Amino acid sequence: MDNKIITGYPTLDKILGGGLCPGEVTVLAGEYDGYGPDVLYLNILFNNLFLNHSENRGSGPILLFSSYGTFDDKVADIAEIDIEYIKKSINQLKELNFYIEDEQRLSVDDIVERATELKERAGLGCIIIESFQTLIPRRPACYPFGDKKEAIRAASCIKQLARELNVPILVVYYEALLYYAALRVSEREKVCRPMLEFADNLLSLHYDTPDKCLTVDVKKNSQGIIGTVSLHLEQRYRRITE
């Protein structure tokens, strides 16, 4: 299976060379504020499962790893607590090629093991990881930032996994969690920086509140910005359109 996974945003897909490419790691980086990576990755997932399912039909299932609450919580958040919508969405998900691992304290070793097993059993089209920071063990001596050696190991394992399984991996990277906003953010950035350095593509997000515009700067390897995409956020349902 060599298919690229389209994001559902034509301009972004064009800049990326047709979508998320097999064997490549793409990082979605931005603040955890309800208007950044946390919403865009869900929209990319939604676009693939519901809108672009036919285009990606031959790609294999999508596997989501999330340590930020259960996926049902996320569906509820997007649906503005519309119970009937939630029930309908969950029932639809059961019929799609989609697997969720949303338990707490997932490690990079868990991801490698479960992704490899699914690839062998049912094939695999794409892996989404939310988020890179949760994969880094938090030790008392360096809390809350984690350990830099562990961050380098996690980033290396993710890149190697993409190559070995020949699937695209989308990694959500929160640059400044609001919870830590007043803490040593620069120190925390230093710890998590390896994931950005190991990435094949970096999608850097910036949200403009007055215009409800989400700007995505696309960087390829170390080439700098190769393109910019402007997306519109419909706040009520947190749907993102081009």
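Structure's up top.
Everything numeric here is computed off the predicted structure, so don't read it as measured data.

To continue, consider the sheet that holds strand 5 (residues 169-174). Strand order across the open sheet formed by 9 strands is 3-2-4-5-1-6-7-8-9, with mixed pairing between neighbours. Here the strands that pair on one side only, and so sit at the sheet edges, are strand 3 (98-101) and strand 9 (239-241). Sheet twist, expressed as the mean angle between neighbouring strand axes with direction ignored, is 20 degrees. Two strands pair when backbone bridges link them, and strand 1 (residues 25-30) and strand 6 (residues 201-208) are joined in this way by 4 bridges, in the parallel orientation. Across the sheet, residue Val27 finds its bridge partner in strand 6, namely Leu202. Strands strand 2 (62-66), strand 3 and strand 4 (126-130) of the sheet are contacted by helix 5 (residues 108-122), whose axis makes an angle of about 165 degrees with strand 2.

Below, the discussion takes up the pattern of salt bridges. Inspection of every chain in the model, using the stated rule, returns 5 salt bridges. A salt bridge links Lys220 to Glu24, with the shortest nitrogen-to-oxygen separation between them at 3.3 Å. Of this pair, Lys220 sits in strand 7 (residues 213-220) while Glu24 sits in the loop between helix 1 (10-15) and strand 1, placing them 196 residues apart in sequence. According to the relative accessible area criterion, Glu24 is buried, its value standing at 19%. Residue Arg153 is joined to Asp109 by a salt bridge in which the shortest nitrogen-to-oxygen separation is 2.6 Å.

Here we come to the pairing of strand 5. On a regular strand, each side chain points to the face opposite its neighbour's, so the side chains alternate between the two faces of the sheet. The buried fraction of strand 5 is high, at 6 of 6 residues. Every second residue of strand 5 is oriented toward a common face, with Ile169, Val171 and Tyr173 on one face and Leu170, Val172 and Tyr174 on the other, all of them buried. Sheet analysis places strand 1 next to strand 5, joined by 6 bridges and oriented parallel. Residue pairing for strand 5: Gly30 is matched across the bridge by Tyr174.

Attention now goes to the packing of helix 5 against helix 6 (residues 148-165). Each packed pair of helices is defined by two parameters, the angle between the axes and the distance between the axes. Across the interface, helix 5 lies against helix 6 with an axial gap of 10 Å and an inter-helix angle of 10 degrees. In terms of their interaxial angle, helix 5 and helix 6 are classed as roughly parallel. Residues Val108, Asp109, Ile111, Val112, Ala115, Thr116 and Lys119 of helix 5 touch helix 6, and the partners they reach there are Arg153, Ala154, Cys157, Ile158, Leu161 and Leu165. Taken together, the residues of the contact of helix 5 with helix 6 break down into 9 nonpolar, 1 polar and 3 charged.

Another point: the side chain of Asn201. Inspection of the secondary structure puts Asn201 in strand 6. Owing to a relative accessible area of 2%, Asn201 belongs among the buried residues under this scheme. Leave out the neighbours within four places in its chain, and Asn201 touches Leu16, Glu24, Val25, Thr26, Val27, Lys219 and Lys220.

With 18 residues, helix 6 should reach 26 Å at 1.5 Å per residue; the first-to-last C-alpha distance of 26 Å fits that figure. The set of residues buried in helix 6 consists of Ala151, Ala154, Ala155, Cys157, Ile158, Leu161, Ala162 and Leu165. In an axial view of helix 6, the angular spread of the buried residues amounts to 160 degrees, which keeps them on one side of the axis. Away from its buried face by more than 90 degrees, helix 6 exposes Lys149 and Glu164. Positioned one or two residues after helix 6, Asn166 has a phi angle of 55 degrees, which is positive.

Residue placement: Ser204 occurs in strand 6. At 3.4 Å, the side chain of Ser204 and the side chain of His206 are in polar contact. With sequence-adjacent residues up to four places away left out, Ser204 is seen in contact with Ala29, Glu175, Thr215, Val216 and Asp217.

Here we take up unusual backbone geometry. Of note, the amide linkage connecting Glu130 to Ser131 takes the cis form, showing an omega dihedral of -5 degrees. The phi dihedral of Asn166 falls on the positive side, at around 55 degrees, and the residue is not glycine. Tracing the sequence through the fold places Asn166 in the loop between helix 6 and strand 5.

Examined against the element boundaries, Leu106 turns out to sit in the loop between strand 3 and helix 5. The class of Leu106 is buried, set by a relative accessible area of 3%. The spacing of Leu106 and Ser66 is 40 residues in sequence and 8.0 Å in space, taken between C-alpha atoms. The residues touching Leu106, leaving out its near neighbours within four places in the chain, are Phe65, Ser66, Ser67, Glu101, Arg114, Thr134 and Leu135.

How each quantity is defined
Residues numbered from 1 in each chain as written. Predicted model: local features only at pLDDT ≥ 70, side-chain atom pairs only at ≥ 80, totals over all residues. Heavy atoms only, no water. Pairing = 2+ DSSP bridges. Helix = DSSP H or I, 4+ residues; strand = E, 2+ residues; numbered from the N terminus. Axes fitted to C-alpha atoms, helices over the stretch in contact; angles between N-to-C directions. Contact = heavy atoms within 4.5 Å. Salt bridge = Lys/Arg side-chain N within 4 Å of Asp/Glu carboxyl O. Buried < 20%, exposed > 50% of the residue type's maximum accessible area, 1.4 Å probe, protein only. Parallel < 35°, antiparallel > 145°, perpendicular 65-115°, else oblique. Nonpolar A, V, L, I, M, F, W, Y, C, P; charged D, E, K, R; others polar. Expected span 1.5 Å × (residues − 1). Arc of directions from axis to C-beta. Polar contact = N/O pair within 3.5 Å; in protein donor to acceptor, adjacent residues only side chain to side chain.

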